[in-house]
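Residue-level structure breakdown
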Amino acid sequence: AQSVAQPEDQVNVAEGNPLTVKCTYSVSGNPYLFWYVQYPNRGLQFLLKYITGDNLVKGSYGFEAEFNKSQTSFHLKKPSALVSDSALYFCAVRDPTLSGNTGKLIFGQGTTLQVKP
Amino acid sequence: GAGVSQTPSNKVTEKGKYVELRCDPISGHTALYWYRQSLGQGPEFLIYFQGTGAADDSGLPNDRFFAVRPEGSVSTLKIQRTERGDSAVYLCASSPIGGRENSGANVLTFGAGSRLTVL
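So, here is what we can say about the structure in this document. (Residues numbered from 1 in each chain as written. Chains lettered and ligands numbered in written order. Predicted model: local features only at pLDDT ≥ 70, side-chain atom pairs only at ≥ 80, totals over all residues. Heavy atoms only, no water.)

1. Topic: the overall build of chain A
The secondary structure content of chain A amounts to zero helices and twelve strands. Mapped in sequence order, the helices and strands of chain A form the string β-β-β-β-β-β-β-β-β-β-β-β. In terms of overall dimensions, chain A is globule-like: its C-alpha atoms have a radius of gyration of 14 Å, near the 13 Å expected for 117 residues. With respect to the three principal axes, the spread of C-alpha positions in chain A is 45 × 30 × 25 Å. (Helix = DSSP H or I, 4+ residues; strand = E, 2+ residues; numbered from the N terminus. Rg over C-alpha atoms; globule rule 2.2 N^0.38 Å.)

As structure tokens, this is what we get:
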């Protein structure tokens, strides 16, 4: 069965420092991987995705993620954190063998990022 | 509209009552999805519409849950005989095309959700 794990419930970072939010996945075949961010009282917003190609994917707001097939990971990173980056982050995977429903995602449980001034 | 709109934003009901949650997707998006997010968890897929038809309802937990999209735009999620365990945030999302592989199909735009509390 396909699954996503975010091992950290919360990540605390000082403003200006680099941040990493971890994600590992389990899926048969080559996965489609996504990061979404959720701010309070707002819908999930798409950050970035990996479908194929370059393992380093760049997304919105200066975020990037690296697909590592051997470690089955897709960690979210940012070189310099901002206080405004504080939010709930979700990693998600889509089974590429699933045809016809390209929006059926399996989400991790989420990681709260707290960036302190 | 500019985004995905969901109403009501909050709904409190009593156990056993019937509830309807509405989703108005981005204009022109043919694919519409419902997800459920319980406290402390990630969203879980419920149902997917391509146009007017439910193309995949494999995530609906039981037959108390039903959704429609009669004109291929607005969708309504209906929950009968609500139970306390139904309390969650119900999220709606849309995308340009649901069944084809392209850069737009894979990205979902979510609404802010409808928070359902069953007392």
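From this point, things continue past the structure.
2. Some thoughts on the interface of chain A and chain B
Across the contact, 22 residues belong to chain A and 25 residues belong to chain B. Interface of chain A and chain B: buried area, both sides summed, is about 1800 Å²; carbon and sulfur atoms make up 50% of it. Counting every contact that joins chain A to chain B gives one salt bridge. Sorting the residues of the side of chain A that touches chain B by element identifies strand 5 (32–38), strand 6 (44–50) and strand 10 (87–94) of chain A as the ones contributing at least two each. (Contact = heavy atoms within 4.5 Å. Buried area = accessible area lost by both parts, 1.4 Å probe. Salt bridge = Lys/Arg side-chain N within 4 Å of Asp/Glu carboxyl O.)

3. A look at the packing of aromatic side chains
All names here are of chain A. Evaluated as defined, the whole model comprises 13 aromatic pairs over all chains. Taking the centre distance of 5.6 Å and the plane angle of 50 degrees together, the rings of F63 and Y89 count as tilted. With a gap of 26 residues between them, F63 in the loop between strand 7 (56–58) and strand 8 (64–68) and Y89 in strand 10 connect regions that are remote in the sequence. (Phe/Tyr/Trp six-rings, centres within 6.5 Å; stacked < 30°, edge-to-face > 60°.)

4. Focus on the pattern of salt bridges
Under the defined criterion, the tally for this structure stands at five salt bridges over all chains. Of the charged contacts, one joins D85 of chain A and K78 of chain A as a salt bridge, the two residues approaching to 2.8 Å between their closest N and O atoms. For D85 of chain A, a relative accessible area of 3% puts it in the buried group. D56 of chain B is paired through a salt bridge with K104 of chain A; the nearest N and O atoms lie 3.5 Å apart. Taken as a pair, D56 of chain B in strand 6 (residues 53–56) and K104 of chain A in the loop between strand 10 and strand 11 (106–107) lie in two separate chains rather than in one. Linked through salt bridges whose partners overlap, the residues forming this network are R64, E83 and D86 of chain B. (Buried < 20%, exposed > 50% of the residue type's maximum accessible area, 1.4 Å probe, protein only.)

5. A few points about the layout of surface pockets
In this structure, the largest pocket spans a volume of roughly 660 Å³. Taken together, 28 residues form the lining of the largest pocket, with Q38 and L88 of chain A together with Q37, V89 and R115 of chain B sitting closest to its centre. Elements represented by at least two residues in the lining of the largest pocket include exactly strand 10 of chain A together with strand 9 (88–95) and strand 11 (114–118) of chain B. The dominant element in the lining of the largest pocket, judged by the number of residues it contributes, is strand 11 of chain B, at four residues. A breakdown of the residues in the lining of the largest pocket according to their chemical character gives ten nonpolar, 15 polar and three charged. (1 Å grid on protein atoms, 1.4 Å probe; cavity = no way out; pocket = protein on both sides within 12 Å on 5 of 7 lines; lining within 4 Å. Points joined across faces, edges and corners; volume = space filled by probe spheres on them. Nonpolar A, V, L, I, M, F, W, Y, C, P; charged D, E, K, R; others polar.)

6. Focus on the nonpolar core
Judged by nonpolar contacts, the single largest core of 28 residues is most densely connected at W35, L47, L48, F74, L76 and Y89 of chain A. Residue contributions to this core peak at four residues, all from strand 10 of chain A. (Core = buried A, V, L, I, M, F, W, Y, C linked by side-chain atoms within 4.5 Å.)

7. Some points on the pairing of strand 9 (residues 73–78) of chain A
Residue and element names in this part refer to chain A. Along strand 9, five of the six residues are buried, which leaves the element largely enclosed by surrounding structure. Where strand 3 (residues 19–21) meets strand 9, three bridges bridge the pair, whose relative direction is antiparallel. The residue of strand 9 that forms the bridge with L19 is K78. Between strand 8 and strand 9, which pair antiparallel one after the other, the connecting turn spans four residues, and T72 there sits at a positive phi close to 45 degrees. (Pairing = 2+ DSSP bridges.)

8. Considerations on the state of the cysteines
Residue and element names in this part refer to chain A. Under the defined criterion, the tally for this structure stands at two disulfides over all chains. Here C23 is linked by a disulfide to C91, with a sulfur-sulfur distance of 2.0 Å. Since a negative S-S torsion denotes a left-handed disulfide, the C23-C91 link at about -60 degrees is left-handed. Separated by 68 residues along the polypeptide, C23 in the loop between strand 3 and strand 4 (24–26) and C91 in strand 10 bring together distant segments of the chain. A single burial state applies to C23 and to C91, both of which are buried. (Disulfide = S-S within 2.5 Å.)

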